[in-house]
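Observations on the three-dimensional arrangement
Given next are the chains, with one letter for each unit.
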Amino acid sequence: MKIGLFGGTFDPPHIGHIELAASLLEQTGLDKIWFLVTPQNPWKQGRALSSDHHRYAMVDISLREKPGLEASDYEFGMPKPTYTYKTLRSLRSSFPDVTFALIIGGDNWASFDKWAEYEEILHNHPVIVYPRPGCPVETPEAVRQIIVENSAPDTILPHIEIAEGKVYDISSTEIRRKVAQGTSIDGLVMPGVETYINDYALYAETKQHKV
C-alpha cells in the first residue's frame, strides 16, 4: 500500500486542502492520503493553535464524504514540536509494509534543504510536489529545475513526482480573521465545519473557546 502524507496544522481545514488532496489522490496512484494533523509545526511556533482535538475533529468532519482521504492523529503522541523526519521514522517502524509518500507544496520544496534531516527523508520516501502560486516554485517545470540544480539525480530524482492541482485562493489565516469579525465562511470550509467552529466558539476573539 502507498499512502500520501499531507501534513499541516489545519486550523481550520478549508476546501482548498480537501480538493487539492482529492486531485492528488486521483492523479498520483496513491491508495490513500492521510491528513496528518500536527500538534505544532516547528515553523509556526509564534501562534497559539486551537486544541489538537478541535483541529482533528474539523479535519474528520471535512473528509467524511471523501473516500480515500482520512484524518490522522498519529503525531499527537510524539514530542513537540514535531519534525517530519521523526514522524517518518516512526511510521516506517510502525507500518513496515506501507510506502509513505510526503506531499508538499512548491514553496516548501524550494526550502526543503533547510528541513531537519531532509536527505534522510529523500532517501527513504517519495516526495510529491504540487506547484503553488505566489512562491518561488510556480510550475512543474520550475520544480524540476530546482531538483536538477540542487539534488543528486541518481538517488533523488526517481523519488520526486510533480503533481498538478487546482490552487484555491483561501488561507486558514483569512478564515480565522473572518470568523473573528463575524463574517460568514460559507463556501470556504466543508459542510459541518462552520457549524463546529461556531458551536465551540473557535477563533472568535470576544468569546471563550469551549473545550
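Preceding block: the structure.
Every chain is numbered on its own, with residues counted from 1 as its sequence reads. Where totals are concerned, whole chains, interfaces and linings use all residues; where local detail is concerned, this predicted model gives features only for residues with pLDDT of at least 70, and gives and counts side-chain atom pairs only at 80 or more. The side-chain numbers reported here are obtained from all heavy atoms of the structure, hydrogens and water having been left aside.

All right, on to the overall build of the chain then. Put simply, DSSP marks the helices as runs of H or I at least four residues long and the strands as runs of E at least two long, and each gets a number from the N terminus on. Secondary structure assignment for the chain yields nine helices and six strands. Note on contacts: a residue pair is in contact if any heavy atoms of the two residues lie within 4.5 Å. Expressed as a percentage of contacts within the chain between residues at least 6 apart in sequence, the contacts between residues at least 24 apart total 72%. Only the protein chains shown count as cover for residues, and the accessible areas themselves come from Shrake-Rupley with a 1.4 Å probe. For the chain, the computed accessible surface area is about 10900 Å², with 48% contributed by carbon and sulfur atoms.

Before going further, it helps to spend a moment on the pattern of salt bridges. The working definition used for a salt bridge is a side-chain nitrogen of Lys or Arg within 4 Å of a carboxyl oxygen of Asp or Glu. Scanning the entire structure with this criterion turns up ten salt bridges. One salt bridge connects D52 with R55, and the closest N-O pair in it is separated by 2.8 Å. Placement of the pair is D52 and R55 together in helix α2 (residues 52-62), with a separation of three residues, close to one helical turn. Overall, R55 belongs to the buried group, its relative accessible area being 0%. Here R177 makes a salt bridge to E174, at a shortest N to O gap of 2.3 Å. In this pair, R177 and E174 both sit in helix α8 (residues 172-180), three residues apart, roughly one turn of the helix. Burial classes follow relative accessibility: with a 1.4 Å probe on protein chains only, a residue under 20% of its type's maximum area counts as buried, one over 50% as exposed, and anything between as partly exposed.

For the rest of this paragraph, the subject is the pairing of strand β5 (residues 127-130). Taking every second residue as pointing to the same face, both faces of β5 are buried, with V127 and V129 on one and I128 and Y130 on the other. Sheet topology places strand β4 (residues 99-105) next to β5; four bridges connect them, and they run parallel. Its bridge partner being in β5, I103 is matched across the sheet by I128. Between any two strands, at least two bridges found by DSSP are needed for them to pair. When β5 meets strand β6 (residues 160-162), the two strands line up parallel, connected through three bridges. Within β6, the residue paired with V127 across the bridge is I160.

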